[in-house]
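Chain residues, written in single-letter form:
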There are 2 protein chains.
Amino acid sequence: MNEFDFIRRLSDQTSSRKHSARVLAGIGDDAAVLGGLADRNTVITTDLLVEGIDFYRDATPPRLLGHKALAISLSDIAAMGARPLWSLLTIGLPADIWATNFKEEFYEGYFVLADKYGVTLVGGDLSEVKGEIVIDSIVMGEVAAGSATWRSSASPGDQIFVTGTLGGAAAGLKLIEMGARLGPDGLSSLPAPSKRGAGTEPGAVATGSLAETQTSELKAIEALLHRQLQPQPRVGWGLVLSQERLATAMIDISDGLSSDLAHLCEASNAGALIQSALIPIDHDVITMCGRRALDPLMLALNGGEDFELLFTVHPDNVGRLPKRVDGVELSHIGEVTCEPFAVRIAEKDRVWDLQPQGFSHFKE
Amino acid sequence: MNEFDFIRRLSDQTSSRKHSARVLAGIGDDAAVLGGLADRNTVITTDLLVEGIDFYRDATPPRLLGHKALAISLSDIAAMGARPLWSLLTIGLPADIWATNFKEEFYEGYFVLADKYGVTLVGGDLSEVKGEIVIDSIVMGEVAAGSATWRSSASPGDQIFVTGTLGGAAAGLKLIEMGARLGPDGLSSLPAPSKRGAGTEPGAVATGSLAETQTSELKAIEALLHRQLQPQPRVGWGLVLSQERLATAMIDISDGLSSDLAHLCEASNAGALIQSALIPIDHDVITMCGRRALDPLMLALNGGEDFELLFTVHPDNVGRLPKRVDGVELSHIGEVTCEPFAVRIAEKDRVWDLQPQGFSHFKE
């Protein structure tokens, strides 16, 4: 099968699952053509995933990579309060990977998530690469005119919220770097025991009551790998917050809470004070860190890729916030302040400057 | 400068050149937001450029690479008969290239072309790669509702036309592979003499009257390198053909005339007969091939990346075609036939099957 045959098959697959009546033509022409509505704004985002930088080939089942490629762009659309509708996918594959069933599994994971949110793949590109796998994920959506939630519109006094829990994706990455792997039926390889960690011994997954502790720790490890490899975009929350005009500003947590809160404050020309005790640390992170001399709070503050939504709400509207959307709860973590760029965290009686320590591709 | 600083600077640059009042927000938020019109269709395309596959780093000045990345996507928009309005650009760069002024020169070339067509960069992504440079170019445009020119709507009897000339980009690639290079002020390195070519001698650029022939050959070489490295999208022609409803079907020549004509015929469930003598071979290709035992017709038929427009016109409308648009002329090369997938070329008294021999990333 050459690339044209593969694209033709993709086109057939997408025709059979066309969710949106407003796709006039998708895959198979020079460009996709979409019908518009006058009272809507179009929202578009693109995210590059590079092997060895954004994922490890040997640690990422292709199906989960397909899921993640779409999920990270859906998360951007969610952060604008928009409804995702269409996507494009550009893939560069080494010839040896092209010859495997990588692409079939990849698209399988991609389409399961696309179907969940009614997203239609309308185009893309496919090329050989000599080096690492590269994936560019593009998603378009729509939002009622004037309803998009920017990063730049938070005001002093607004209350700061975050969906779900934090630190899980970063802990999953640490576990992968320690050797943990997901197979088709759950964990296929365990992390090497931490060298510095208290309470670990060579070859052991955990100490204490072996049968019991192992089971709970294995469950935590598997959950954290899924947090890293199969992130869930908060599309439902994004829609509720924009439709009800509850969020004054919003961003998704891709680089890490400390970095993304700094981005939001910088864009809004404001500051923030968050409460250490209110940060919703992923429970599995606490389980995993307890035995590995890692600090769960640091993972929750600085670990990236949780793809939760971080947003601000006018104090008058806090009472109107739903308790949960799609089963995902909220945490109230702090308040927007008037001092530009001053992002601080209170821990017991002390207040610290919160340095952005999330992910950056290129260092100064 | 880290990636955030660089993106901020890009955002400042693009704000100062915002062509489209309908960009509500571009670079600097999670996604770009665009205002819509009800009587328009949105058109979107994406193209991946990979170092070593689509370009050679040492043969491609960054400024021209920036131009080409945008040009190839503008060409897709032109082939739909749409007006380009917005773009996104995703780049993966090795750390050593990031440290140079590659990106500044790249964006300079990109913006010169974007300004020419009033295109606003509204987003993108930037990442480190370990291997080759990768660039994903995304362009969005609009076309009056119902006016997009598909590949699939050619009918038997329609006349086949192509803009400009063919073979130049492929000849330029051959020259690059023979060692020719463009510097900031024209040719910086000449192609090695062809080993099999008649009339060449070691170290010589050309034979015959040295001063005279060399000048004309040097000019041809430089022009062909520009055809390869700095293709000109036929945006004006695309707009005229769709606005006047002259083209029944259209595609841009990216893979090569033989391949792209086959794509158009396949999509239209039709065939084609073209006349060998009517193929508009680039004049510089004839000059260059004459001394190198290469066949200009083969380059014009099978060479890719000319980014000319190939389109079909109902016989009643042929008289309404403009002679030229933006200084670019047309050639009438053949006719659509009723036998599906039968693409043929007539040469003197004989008719041959025209095999698609253009570019394909992955072989069967």
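Residues numbered from 1 in each chain as written. Chains lettered and ligands numbered in written order. Predicted model: local features only at pLDDT ≥ 70, side-chain atom pairs only at ≥ 80, totals over all residues. Heavy atoms only, no water.

## A short note on the overall build of chain A
Stage number 1. Each helix and strand in chain A was counted, giving ten helices and 16 strands.
Stage number 2. The proportion of buried residues among the 364 residues of chain A is 60%.
Stage number 3. Counting only carbon and sulfur atoms, one obtains 51% of the accessible surface of chain A, whose full area is about 14000 Å². (Helix = DSSP H or I, 4+ residues; strand = E, 2+ residues; numbered from the N terminus. Buried < 20%, exposed > 50% of the residue type's maximum accessible area, 1.4 Å probe, protein only. Areas by Shrake-Rupley, 256 points an atom, 1.4 Å probe, with all protein chains shown as cover.)

## Remarks on the pattern of salt bridges
Stage number 1. A complete count under the given rule lists 28 salt bridges over all chains for this structure.
Stage number 2. Across the pair Arg-344 of chain A and Glu-339 of chain A runs a salt bridge whose closest N-O atoms are separated by 3.2 Å.
Stage number 3. With relative accessibility at 29%, the residue Arg-344 of chain A sits in the partly exposed group.
Stage number 4. Between Arg-40 of chain B and Glu-142 of chain B there is a salt bridge, with the nearest N and O atoms lying 4.0 Å from each other. On the criterion of sequence distance, the pair formed by Arg-40 of chain B in strand β3 (residues 40–50) and Glu-142 of chain B in strand β6 (residues 134–144) is long-range, its members being 102 residues apart.
Stage number 5. Linked by salt bridges that have partners in common, Arg-227, Arg-234, Asp-282, Asp-306 and Glu-308 of chain A make up one network. (Salt bridge = Lys/Arg side-chain N within 4 Å of Asp/Glu carboxyl O.)

## A few points about unusual backbone geometry
Residue and element names in this part refer to chain B.
Stage number 1. Here Asn-269, not a glycine, exhibits a phi torsion of approximately 55°, which is positive.
Stage number 2. Within the fold, Asn-269 resides in the loop between α8 (257–268) and β11 (271–275).
Stage number 3. With a phi close to 70°, Phe-341 is a non-glycine residue in the positive phi region.
Stage number 4. Counting through the fold element by element, Phe-341 comes out in the loop between β14 (328–337) and β15 (343–347).
Stage number 5. For Phe-341, a relative accessible area of 53% corresponds to the exposed category.

## A word on the packing of aromatic side chains
Stage number 1. Within the structure shown, the criterion is met by 14 aromatic pairs over all chains.
Stage number 2. Considering the side-chain rings of Tyr-110 of chain A and Phe-111 of chain A, the 6.0 Å spacing of their centres and the 85° angle between planes classify their relative orientation as edge-to-face. For the pair Tyr-110 of chain A and Phe-111 of chain A, one class covers both residues: buried.
Stage number 3. Note on Phe-161 of chain B and Phe-311 of chain B: the rings are 5.8 Å apart at their centroids and 15° apart in plane angle, and the pair reads as stacked. Here Phe-161 of chain B, found in strand β7 (residues 159–163), pairs with Phe-311 of chain B, found in strand β12 (residues 309–313); they are 150 residues apart in sequence, far enough to count as distant. Here the two residues Phe-161 of chain B and Phe-311 of chain B agree in accessibility, since each one is buried.
Stage number 4. Aromatic rings pair up to connect Phe-102, Phe-106, Tyr-107, Tyr-110 and Phe-111 of chain A into one cluster.
Stage number 5. A cation over a ring is seen here: Lys-103 of chain A above Trp-98 of chain A, with NZ or CZ 4.2 Å from the ring centre. (Phe/Tyr/Trp six-rings, centres within 6.5 Å; stacked < 30°, edge-to-face > 60°. Lys NZ or Arg CZ within 6 Å of the ring centre and 35° of its normal.)

## Remarks on the environment of Leu-330 of chain A
Stage number 1. Within the fold, Leu-330 of chain A resides in strand β14 (residues 328–337).
Stage number 2. Not counting the four nearest positions on each side in its chain, Leu-330 of chain A is found in contact with Phe-161, Val-162, Thr-163, Trp-237, Phe-311, Leu-321, Pro-322 and Lys-323 of chain A. (Contact = heavy atoms within 4.5 Å.)

## Let's talk about the confidence of the model for chain A
Residues and elements named next belong to chain A.
Stage number 1. Scored by pLDDT, chain A comes out at a mean of 87, with 84% of its residues at no less than 70.
Stage number 2. This model gives residues 196–209 a pLDDT under 50, and the stretch forms 28 contacts once residues within four places in sequence are excluded.
Stage number 3. For this predicted complex, the interface confidence comes out at an ipTM of 0.86, alongside a pTM of 0.88. (pLDDT = per-residue confidence, 0-100.)

## Topic: the packing of helix α2 (residues 62–79) of chain B against helix α4 (residues 102–116) of chain B
Residue and element names in this part refer to chain B.
Stage number 1. Running from amino to carboxyl end, α2 crosses α4 at an angle of 40°, the nearest separation of the two axes being 6 Å. Taken together, the axes of α2 and α4 are oblique relative to one another. Where α2 crosses over α4, the two elements pack in a sense that is right-handed. Between α2 and α4, the contacting residues are Pro-62, Arg-63, Leu-65, Gly-66, His-67, Ala-69, Leu-70, Ala-71 and Leu-74 on the first element and Phe-102, Glu-105, Phe-106, Glu-108, Gly-109, Tyr-110, Leu-113 and Ala-114 on the second.
Stage number 2. Looking at the contact of α2 with α4 residue by residue, the classes come out as eleven nonpolar, three polar and three charged. (Axes fitted to C-alpha atoms, helices over the stretch in contact; angles between N-to-C directions. Parallel < 35°, antiparallel > 145°, perpendicular 65-115°, else oblique. Left-handed = near helix turned anticlockwise from the far one by under 90°. Nonpolar A, V, L, I, M, F, W, Y, C, P; charged D, E, K, R; others polar.)

## Notes on helix α5 (residues 168–177) of chain B
For an α-helix, the turn length of 3.6 residues means that residues three or four places apart are oriented alike.
Residue and element names in this part refer to chain B.
Stage number 1. Burial runs high along α5: seven of the ten residues are buried.
Stage number 2. Listing the buried residues of α5 in full gives Gly-168, Ala-169, Ala-170, Ala-171, Gly-172, Leu-175 and Ile-176.
Stage number 3. Positive backbone phi, at 110°, marks Gly-179, one or two positions downstream of α5.

## Quick word on the environment of Lys-68 of chain B
Residue and element names in this part refer to chain B.
Stage number 1. Relative to the elements of secondary structure, Lys-68 occurs in helix α2.
Stage number 2. Considered as a pair, Lys-68 and Ser-137 are 69 residues apart in the sequence and their alpha carbons are 9.6 Å apart.
Stage number 3. Non-local contacts of Lys-68, meaning those with residues more than four positions away in its chain, are made with Asp-54, Gln-228, Leu-229, Pro-231 and Glu-305.

## Some points on the pairing of strand β10 (residues 247–252) of chain B
All names here are of chain B.
Stage number 1. By the criterion of burial, β10 is predominantly enclosed, with five of the six residues buried.
Stage number 2. By the bridge criterion, five bridges tie β10 to β12 in an arrangement that is antiparallel. What sits directly across from Ala-249, in β12, is Thr-312. (Pairing = 2+ DSSP bridges.)

## A look at the side chain of Ser-258 of chain B
Stage number 1. You can see Ser-258 of chain B is positioned in helix α8.
Stage number 2. From its side chain, Ser-258 of chain B meets the backbone nitrogen of Gln-357 of chain B in a polar contact 3.1 Å long. (Polar contact = N/O pair within 3.5 Å; in protein donor to acceptor, adjacent residues only side chain to side chain.)

## Side note on the pairing of β14 of chain B
All names here are of chain B.
Stage number 1. Across five bridges, β7 lies against β14 in antiparallel orientation. Among the inter-strand pairings, Phe-161 is bridged to a residue of β14, identified as His-332.
Stage number 2. The pairing of strand β13 (residues 324–325) with β14 spans two bridges and is antiparallel. From the neighbouring strand, Val-325 faces β14, where its bridge partner is Val-328.

## Some points on helix α7 (residues 235–243) of chain A
Residues and elements named next belong to chain A.
Stage number 1. Burial within α7 is extensive, with seven of its nine residues counted as buried.
Stage number 2. Of all the residues in α7, the buried ones are Val-235, Gly-236, Trp-237, Gly-238, Leu-239, Leu-241 and Ser-242.
Stage number 3. Just past α7, the residue Arg-245 takes up positive phi, approximately 50°.

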